[in-house]
Amino acid sequence: MKLATAFVHAGVRRDPATGAVAVPIYQSATFQHPALGQSTGYDYSRTKNPTRSALEEALAKLEGGSRGLAFSSGMAALHCALQLFGPDDHLVLTEDLYGGTYRLVDRILHVPCTFVDTARPDAVRAALRPNTRAILVESPTNPLMKTADLPAIADIARKAGALLIVDNTFLTPWLQRPLDLGADLVVHSATKYLAGHNDTVAGALVVKDEALAERLTYLQNGIGAILGPQDAYLVIRGLKTLALRMEKHQANARRVAAWLGAHPLVDRVFYPGMGGMLSFTLTDAALVPQVLGAVQLCLFAESLGGVETLITYPATQTHADIPAARREDLGISDRLLRLSVGIEDVHDIVADLAQALEGNLHSRQLRHPPAAHGS
Ligand SMILES: Cc1ncc(COP(=O)(O)O)c(C=O)c1O
């Protein structure tokens, strides 16, 4: 079966009793045992729920893994993955990754780690220590869209006896399958492209190795941050159109990146050539509130990967937890805006950005400055 077909058929043929085409939402916390010592395969929904199983099996198939695990958010998925490591283990991470991942690793779990430019395999190699147990890569990075040579980093990880974990939120298995490129574990904020409609928060892990799959399943059940059946249903529904949506997101993003690149108020565009995400710097930070206040079609909101175009200000939203000096060093400046290019008609997206940049249509200052704390 081709990948596009597998996306459409996610969750199909789950209910032989009725033949329901859409996966049923099993809104049940617990399941009746046929007899002592017997089980239908489902005992209690934290451990296993049929709607979540449908999603988890689809995720495994789509990412080319042996097992998928669905969580209540991308952060919950990452948190579970990080429980694989102990206080004496060291991790190497992408330096400009999602601010929430930085917060979880550095501020909450206090994992010994080194942040490097994972677009440079030599930098990754130089950061290794004898106790390095994992390399966690975002590719493209958030928000600067740097891409990593995943096979090269997988090779470095394997030789060092470390796991390669890839956050595949931005590209999805339609555009990049990290397990095929040598990664051991894939992470998703399924809130984004997988679900795709800005209507649910969800996370996922996908793994190939059986022993690792067993350990993560044990941790998922033990920690308990699982995805509920209604949300699992929404992610499955999103998966069905993922291939179509990604093609449109990508086509639109290419057009918007080219248009922004030629605009006199835009200093630099960061677009990796694939996917629907891009960032750009304005020539002057004073333009930021004007643009965020003037956009009408594009929504000034945090998140990405949904059908609607969203514009985000990383400095105060997604990356607020990274200290200001470090943000500046990384290039996440106060002139940087991030666009999650939606699937609208691209002419409407460009027209909206044009009027917002030029400030010639309904331009207004924000009544309130951008929120001081991100998610
Ligand atoms: C690349 C990436 N990974 C993980 C996360 C966290 O996911 P969630 O918001 O679903 O917890 C995000 C959220 O924006 C993200 O952009």
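Relevant structure appears above.
Residues numbered from 1 in each chain as written. Predicted model: local features only at pLDDT ≥ 70, side-chain atom pairs only at ≥ 80, totals over all residues. Heavy atoms only, no water.

### Section: the pairing of strand E9 (residues 277–282)
Item 1. Where burial is concerned, most of E9 is hidden: 6 out of the 6 residues are buried.
Item 2. The side-chain alternation of E9 yields two buried faces, one formed by Met277, Ser279 and Thr281 and the other by Leu278, Phe280 and Leu282.
Item 3. As judged from the 4 bridges shared by strand E8 (residues 266–270) and E9, these two strands associate in the antiparallel manner. Within the sheet, the bridge partner assigned to Val266 lies in E9 and is Leu282.
Item 4. In this antiparallel pair of consecutive strands, E8 and E9, the connection spans 6 residues, and Gly273 shows a positive phi of 90°.
Item 5. Looking at chain direction, E9 and strand E12 (residues 336–340) are connected through 5 bridges and run antiparallel. By the bridge assignment, Met277 is partnered in E12 with Ser340. (Buried < 20%, exposed > 50% of the residue type's maximum accessible area, 1.4 Å probe, protein only. Helix = DSSP H or I, 4+ residues; strand = E, 2+ residues; numbered from the N terminus. Pairing = 2+ DSSP bridges.)

### A few points about the packing of aromatic side chains
Aromatic ring pairs are described here by two measures, namely the spacing of the ring centres and the angle between the planes.
Item 1. Under the criterion given, the structure shown has 3 aromatic pairs.
Item 2. Between Phe7 and Trp174 the ring centres are 6.1 Å apart and the planes differ by 70°, which places this aromatic pair in the edge-to-face class. Within this pair, whereas Phe7 is found in helix H1 (residues 3–8), its partner Trp174 is found in helix H7 (residues 172–175), the two being separated by 167 residues in sequence.
Item 3. With a relative accessible area of 0%, Phe7 lands in the buried category.
Item 4. On the numbers, 5.8 Å between centres and 50° between planes, the contact of Phe31 with Tyr42 is tilted. (Phe/Tyr/Trp six-rings, centres within 6.5 Å; stacked < 30°, edge-to-face > 60°.)

### As for the nonpolar core
Item 1. In this structure, Leu55, Leu59, Leu194, Leu227, Val235 and Leu239 are the most contacted members of the largest nonpolar core, which totals 38 residues.
Item 2. Put simply, the parts of the chain that give this core at least two residues each are H1, helix H2 (50–63), strand E7 (203–207), helix H9 (229–240) and helix H10 (242–261).
Item 3. If you tally residues by element for this core, the top one is H2, at 5 residues.
Item 4. Contacts of Val235, omitting those with residues within four sequence positions, involve Leu55, Ala190, Leu194, Ala195, Thr200, Ala202 and Leu227. (Core = buried A, V, L, I, M, F, W, Y, C linked by side-chain atoms within 4.5 Å. Contact = heavy atoms within 4.5 Å.)

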